[in-house]
Amino acid sequence: MHRPAQRLPRILISAAVVPVMLVAAGCSSDSGSDSGDAAKKDSDAKPSASATKAAVVKEAAYAKLPEPCKVFSSKTLGELVPKASKSGKEGRSDDTATRGSCSWDSLEDKGVKGSQFRWLSVSLLRFESDQTRGTGEKLASAYYAEQVQDVRAETGATNAKSEPVSGTGNEATAVSYDLKKKEGTFKQQVVVARAENIVVSVDYNGAGLAGDKAPSAEDLSKAALKAAKEAVEAVVTANQSGGSGSGSGSGESASPSKGEPSASASKPPAKN
């Protein structure tokens, strides 16, 4: 008669243990959930290696500029500016790795028959890729377009003409116009070209002074185009392994070399 009474406390004790175990299991489950959420947030906060690589801007194609006073061969200088010093007059630059210029002037005095004046200049501007502004090629292309517009809008220009040029870098435009000065009317020929991340501008003009007749605009234009092609070739040569950057007129092409980045360029030196 007393056995049922003895078993009752044991049953109650066992029933009391079950809720405690359930609570402990619930705490353990919550802790695991919090840990998983924290790991997920940490993973989301850190970019993957592939995402980081995708954000890097492509390196500019050309790492060097040729020496500006050596972009033309002696033969070309002899044809375009026959009475000029072959060494040329190099423009001042605060960063020769990104910008440079050189000019030559020639005066052929014919005595009482007058004289023939010629002026040739070349300017080069190299753009580096920039993480926020874009690739060197993109920056150079935008600057190339600005330069063409500036030449077309030259103050006082008359009989202006412009046309695209093929076979001279990635893109090129030739602009010709007449410009009247106190000495006479000058026939201006400007070729702006882009070779990857480098913009090349060649300015060639001529005039007949003291009564001599004006030179042929067509002849000057052909000479300016030849000079522009040679300047672009000098850019390619300068970026070949061991290239000197001197004008050769060879027309050879090469893959650009890679180099250390330099400061981004803005505007080339002003023309003389």
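Criteria and cut-off values
Residues numbered from 1 in each chain as written. Predicted model: local features only at pLDDT ≥ 70, side-chain atom pairs only at ≥ 80, totals over all residues. Heavy atoms only, no water. Helix = DSSP H or I, 4+ residues; strand = E, 2+ residues; numbered from the N terminus. Buried < 20%, exposed > 50% of the residue type's maximum accessible area, 1.4 Å probe, protein only. Contact = heavy atoms within 4.5 Å. Areas by Shrake-Rupley, 256 points an atom, 1.4 Å probe, with all protein chains shown as cover. Expected span 1.5 Å × (residues − 1). Polar contact = N/O pair within 3.5 Å; in protein donor to acceptor, adjacent residues only side chain to side chain. Pairing = 2+ DSSP bridges. Salt bridge = Lys/Arg side-chain N within 4 Å of Asp/Glu carboxyl O. Disulfide = S-S within 2.5 Å. Core = buried A, V, L, I, M, F, W, Y, C linked by side-chain atoms within 4.5 Å.

Enquirer: For the overall build of the protein chain, give the residues involved together with the corresponding values.
Expert: The secondary structure content of the protein chain amounts to five helices and seven strands. What you see in the protein chain, going N to C, is helices and strands ordered as α-α-α-β-β-β-α-β-β-β-β-α. Across the 272 residues that make up the protein chain, the buried fraction comes to 39%. The long-range fraction of contacts in the protein chain, counting pairs at least 24 apart against all pairs at least 6 apart in sequence, stands at 60%. When the accessible surface of the protein chain is split by element, carbon and sulfur atoms take 53% of a total near 15800 Å².

Enquirer: I'd like a description of helix 5 (residues 217-238), backed by residues and values.
Expert: Helix length check: helix 5 (22 residues) gives 31 Å between terminal C-alpha atoms against 32 Å at 1.5 Å per residue, within 8%. One side-chain oxygen at the N-terminal end of helix 5 lies 3.3 Å from the backbone nitrogen of E218; it belongs to S216.

Enquirer: I'd like to hear about the pairing of strand 3 (residues 115-126), residue by residue, with values.
Expert: Counting buried residues in strand 3 gives 12 out of 12 residues, a clear majority hidden from the surface. With burial as the criterion, each face of strand 3 is covered, one bearing S115, F117, W119, S121, S123 and L125 and the other bearing Q116, R118, L120, V122, L124 and R126. The antiparallel pairing of strand 2 (residues 99-109) with strand 3 creates a hairpin that spans five residues between the two strands, and G111 there sits at a positive phi of about 65°. Sheet topology places strand 3 next to strand 7 (residues 198-209); 12 bridges connect them, and they run antiparallel. From the neighbouring strand, L124 faces strand 7, where its bridge partner is V200.

Enquirer: Describe the environment of L139, listing the residues and the values that go with them.
Expert: Relative to the helices and strands, L139 is located in helix 4 (residues 136-152). Relative accessible area serves as the criterion here: at 11%, L139 is assigned to the buried category. As for L139 and S129, which are separated by 10 residues in sequence, their C-alpha atoms are 7.9 Å apart. Filtering out sequence-adjacent residues up to four positions away, L139 remains in contact with F127, E128, R133 and G134.

Enquirer: With reference to specific residues and values, describe the pattern of salt bridges.
Expert: Per the counting criterion, the structure on display carries eight salt bridges. Note that K110 and D212 form a salt bridge whose closest N and O atoms lie 3.3 Å from each other. Of this pair, K110 sits in the loop between strand 2 and strand 3 while D212 is found in the loop between strand 7 and helix 5, placing the two residues 102 residues apart along the sequence. We classify K110 as partly exposed; its relative accessible area is 38%.

Enquirer: Any chance you could break down the state of the cysteines for me, citing the residues and the numbers?
Expert: Within this structure, the stated rule accounts for one disulfide. Paired through a disulfide, C69 and C102 show a sulfur-sulfur distance of 2.0 Å. Here the S-S torsion is close to 95°, and the disulfide linking C69 with C102 is therefore right-handed. Note that C69 is positioned in the loop between helix 2 (49-54) and helix 3 (74-80) and C102 in strand 2, a separation of 33 residues in sequence. You can call C69 buried: its relative accessible area is 15%.

Enquirer: Tell me about the nonpolar core, residues and numbers included.
Expert: With 34 residues, the main nonpolar core has F72, W104, L120, V122, V200 and V202 as its most contacted residues. Among the elements of the structure, helix 3, strand 2, strand 3, strand 5 (171-181), strand 6 (184-195), strand 7 and helix 5 are those that each provide at least two residues to this core. The element that contributes the greatest number of residues to this core is helix 5, accounting for 10 residues. Those residues in contact with V122, other than ones at most four positions away along the chain, are P68, V71, F72, G100, S101, C102, W104, V200, S201, V202 and A231. Core analysis: the second largest hydrophobic core is formed by 14 residues, L125, F127, V190 and V192 among them.

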